[in-house]
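Each chain, letter by letter, is given below.
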Amino acid sequence: MNTFKSTFLLIVLTLFLLFVGDRFGGRNGMIVAFLLSVVFNFGTYFFSDKLALSMYRAQPVTREQLPRVYNVVERLSAKQNLPIPKIYVIPSESPNAFATGRNPTHASVAVTHGILNLLDDEELEGVLAHELGHVKNRDILTSSIAATLAGAITMVARMGYWASLFGGYGGRDDRNRGGGGFTALLMLIVAPIAATLIQLAISRSREYEADATGAKETGNPYALARALQKLDNYSRRIPMQASPATAHLFIVAPLLGSGGFANLFSTHPPIKERIQRLIGRDLV
């Protein structure tokens with residue numbers, strides 16, 4: 001299912017770029033858009049994980065350096081018949097973690113210094129099981145593509161807006177672009193919102209799935225529930241500086257909303273709802 005989602009999102013990205021290229025630049029615009037789609041699709045598939053890890057200055061660690069994490073990851077990976085992912089540590093005291101990569105063979109799991117200091121062994125196992133749940137469910141690529149889709153649509157919408165102000169790319173005359181300025185302005189506003197909602201909807205559903213997978217593999221949903229409650233409380237005290245394009249990767253949202261309308265644009269479902277699904281009540 002997640003392979004289908006990934007393919008669908010790549011197709012959506014390509015078609016959107018071609019539509020915008022044709023709308024604002026005619027044939028020349030479509031050629032530019034096609035080249036952009038090739039670059040975006042290739043880059044998303046092969047390099048999205050490296051970009052995310054480098055963005056947060058994540059450093060690879062060996063088993064000797066972090067046996068506490070490796071012991072858990074190796075045991076859970078063997079239980080689920082998964083290749084052992086690469087382990088990274090992020091130099092941040094804000095407690096958090098994420099998984100990334102294009103498939104289980106090329107997966108990486110990153111944890112912050114803060115989460116290692118905050119959680120006990122059972123809670124850390126719950127978090128790592130959650131992240132391996134993302135790997136097992138093959139949604140780490142889907143989430144990366146969704147982030148790229150949101151970013152690409154935002155960027156292209158802005159390009160289309162400025163192109164309309166300066167007469168496009170020379171592919172169509174003014175009559176065929178009648179009302180182009182208003183259309184471009186509308187696209188500049190609506191397209192990024194639509195792209196972001198796609199990204200957030202995918203991110204929210206995958207968090208529930210990874211929670212369920214992690215709890216099943218450890219047989220201890222209470223440990224993950226305790227971890228989520230701790231992470232929610234402490235991440236508010238020590239917020240993490242994160243990019244909106246990659247905030248959805250983390251186990252708890254590093255960018256915090258204030259409820260109400262803000263929750264519509266939150267990358268994660270509310271922590272209380274996640275805990276409720278795990279143990280039947282919203283507090284441990």
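As a reminder, the structure under discussion sits directly above these lines.
Below or above, wherever it landed, is the structure these notes cover. This one's a predicted model, so the numbers in the text were calculated from it and none came from an experiment.

Owing to its 3.6 residues per turn, the α-helix aligns residues three or four sequence positions apart on the same side. A rise of 1.5 Å per residue sets the reference length of helix α4 (residues 121–136), with its 16 residues, at 22 Å; its end C-alpha atoms lie 22 Å apart and thus fit the reference within 8%. For α4, the side-chain oxygen to backbone nitrogen distance between the N-cap and Glu122 is 3.1 Å, and the N-cap itself is Asp120.

Another aspect to go through is the pattern of salt bridges. On inspection of all chains with the given rule, the structure shows 12 salt bridges. A salt bridge links Asp120 to Arg226; the shortest N-O distance between them is 3.9 Å. Highlighted residues: Asp120 in the loop between α3 (113–118) and α4 and Arg226 in helix α7 (residues 221–237), separated in sequence by 106 residues. In this structure Asp120 comes out as partly exposed when scored by relative accessible area, which is 34%. Among the ionic pairs, Glu123 bridges to Lys230, the shortest N-O distance being 2.9 Å. One end of the pair, Glu123, is in helix α4; the other, Lys230, is in helix α7, with 107 residues separating them in the sequence. The class of Glu123 is buried, set by a relative accessible area of 2%. Of the residues examined, Lys230 reaches a relative accessible area of 26% and is grouped as partly exposed. One connected set of salt bridges, linked through shared partners, spans Asp120, Glu122, Glu123, Arg226 and Lys230.

Our next topic: the sheet that holds strand β1 (residues 59–60). With mixed pairing, the 4 strands of this open sheet are ordered in space as β1-β2-β4-β3. Of all the strands in the sheet, just β1 and β3 (97–100) have a single pairing partner and so form its edges. With 4 bridges connecting them, β3 and strand β4 (residues 108–112) associate as antiparallel partners. Looking at β4, one finds that Ala99 is bridged to Val109. Across the sheet, α4 is in contact with β3 and β4; its angle to β3 comes to roughly 20 degrees.

Let's shift gears to the packing of α4 against α7. It is at 8 Å that the axes of α4 and α7 come closest, and there the two elements cross at 90 degrees. In terms of their interaxial angle, α4 and α7 are classed as roughly perpendicular. Together, Glu122, Glu123, Gly126, Val127 and His130 of α4 and Ala223, Leu224, Arg226, Ala227, Lys230 and Leu231 of α7 make up the contact between the two elements. For the contact of α4 with α7, a count of residues per class yields 5 nonpolar, 2 polar and 4 charged.

In this section: the packing of aromatic side chains. For the structure on display, the rule yields 3 aromatic pairs. Taken together, a centroid distance of 5.0 Å and an interplanar angle of 75 degrees make the contact between Phe98 and Phe250 edge-to-face. Of the two residues, Phe98 is situated in strand β3 and Phe250 in the loop between α7 and α8 (271–279); the sequence distance between them amounts to 152 residues. Residue Phe98 shares its accessibility class with Phe250, and that shared class is buried.

Glancing now at the pairing of β4. Taken across its 5 residues, β4 has 5 buried, putting it largely inside the fold. On β4, burial covers both faces: Ser108, Ala110 and Thr112 on one face and Val109 and Val111 on the other are all buried.

Here we come to the nonpolar core. Nonpolar side chains in soluble globular proteins tend to end up buried together. Counting residues in each nonpolar core, the largest one holds 38 residues, and the members touching the most others are Val69, Ile87, Ile115, Val127, Leu128, Leu228 and Ile251. In terms of residues, this core owes the most to one element, α4, which gives 6 residues. Aside from chain neighbours lying at most four places away, what touches Ile87 is Gln59, Pro60, Val61, Leu66, Val69, Tyr70, Val73 and Val109. Ala52, Tyr56, Ile90 and Ala242 belong to the second-largest nonpolar core, a separate cluster that totals 12 residues.

All right, on to a nonpolar patch on the surface then. On the surface, Phe46, Phe47 and Leu51 cluster together into a nonpolar patch covering about 280 Å² of accessible area. Relative to the assigned elements, Phe46 resides in helix α1 (residues 2–55).

Once that is clear, we can look at helix α2 (residues 67–79). Its 13 residues give α2 an end-to-end C-alpha distance of 18 Å, which sits within 8% of 18 Å, the value for a rise of 1.5 Å per residue. Regarding α2, the residues found buried are Val69, Tyr70, Val72, Val73, Leu76 and Ser77. Taken down its axis, α2 places every buried residue within 165 degrees of arc, on the same side. Pointing more than 90 degrees away from the buried face of α2 are the exposed residues Ala78 and Lys79. Positive phi appears at Asn81, one or two residues downstream of α2, with a value of about 60 degrees.

Looking now at the environment of Ala225. Inspection of the secondary structure puts Ala225 in helix α7. Once residues lying within four places of it in the same chain are set aside, the contact partners of Ala225 are Ile275, Leu278, Ile279 and Val284.

About the cut-offs
- Each chain carries its own residue numbering, running from 1 in the written order of its sequence.
- pLDDT decides what is reported in this predicted model: residues at 70 or higher carry local features, side-chain atom pairs at 80 or more are listed and counted, and totals for whole chains, interfaces and linings draw on all residues regardless.
- No hydrogens and no water enter the side-chain calculation; it runs on all heavy atoms of the structure.
- Helix and strand assignments come from DSSP, with helices taken as H or I runs of at least 4 residues and strands as E runs of at least 2, each series counted from the N terminus.
- Here the expected span of a helix is defined as 1.5 Å times the quantity of residues minus one.
- For this analysis, a polar contact is any N or O atom pair within 3.5 Å, provided that within protein one partner can donate a hydrogen and the other can accept it, and provided that sequence-adjacent residues contribute only side-chain to side-chain pairs.
- Each reported salt bridge corresponds to a side-chain nitrogen of Lys or Arg within 4 Å of a carboxyl oxygen of Asp or Glu.
- The rule is simple: take the accessible area with a 1.4 Å probe, protein chains only, and divide by the maximum for that residue type; under 20% is buried, over 50% is exposed, in between is partly exposed.
- Strands qualify as paired when DSSP identifies two bridges or more between them.
- Note on definitions: a residue-residue contact is assigned when non-hydrogen atoms from the two residues lie within 4.5 Å.
- In this description, a line fitted to the C-alpha atoms serves as the axis of each element, helices being fitted only across the stretch in contact, and the angle between N-to-C directions of two axes falls anywhere from 0 to 180 degrees.
- An angle below 35 degrees is treated as roughly parallel, one above 145 as roughly antiparallel, one from 65 to 115 as roughly perpendicular, and anything else as oblique.
- For this scheme, ten residues count as nonpolar: Ala, Val, Leu, Ile, Met, Phe, Trp, Tyr, Cys and Pro. Four count as charged, namely Asp, Glu, Lys and Arg, and the remainder, Gly too, count as polar.
- Stacked, tilted and edge-to-face pairs are distinguished by plane angle, under 30 degrees for stacked and over 60 for edge-to-face with tilted covering the rest, among Phe, Tyr and Trp rings (Trp via its six-membered ring) whose centres lie within 6.5 Å.
- We define the nonpolar core as a collection of buried residues of types Ala, Val, Leu, Ile, Met, Phe, Trp, Tyr and Cys that are connected through side-chain atoms lying within 4.5 Å of one another.
- Surface patches are drawn from residues lacking salt bridges whose relative accessible area is over 30%; two like charges belong together within 9 Å, two nonpolar side chains (Val, Leu, Ile, Met, Phe, Trp, Tyr) within 5 Å.
- To be clear on the numbers: accessible area is Shrake-Rupley with a 1.4 Å probe, and residue cover counts the displayed protein chains and nothing else.
- In this context, the arc is that of the directions from the helix axis out to the C-beta atoms.

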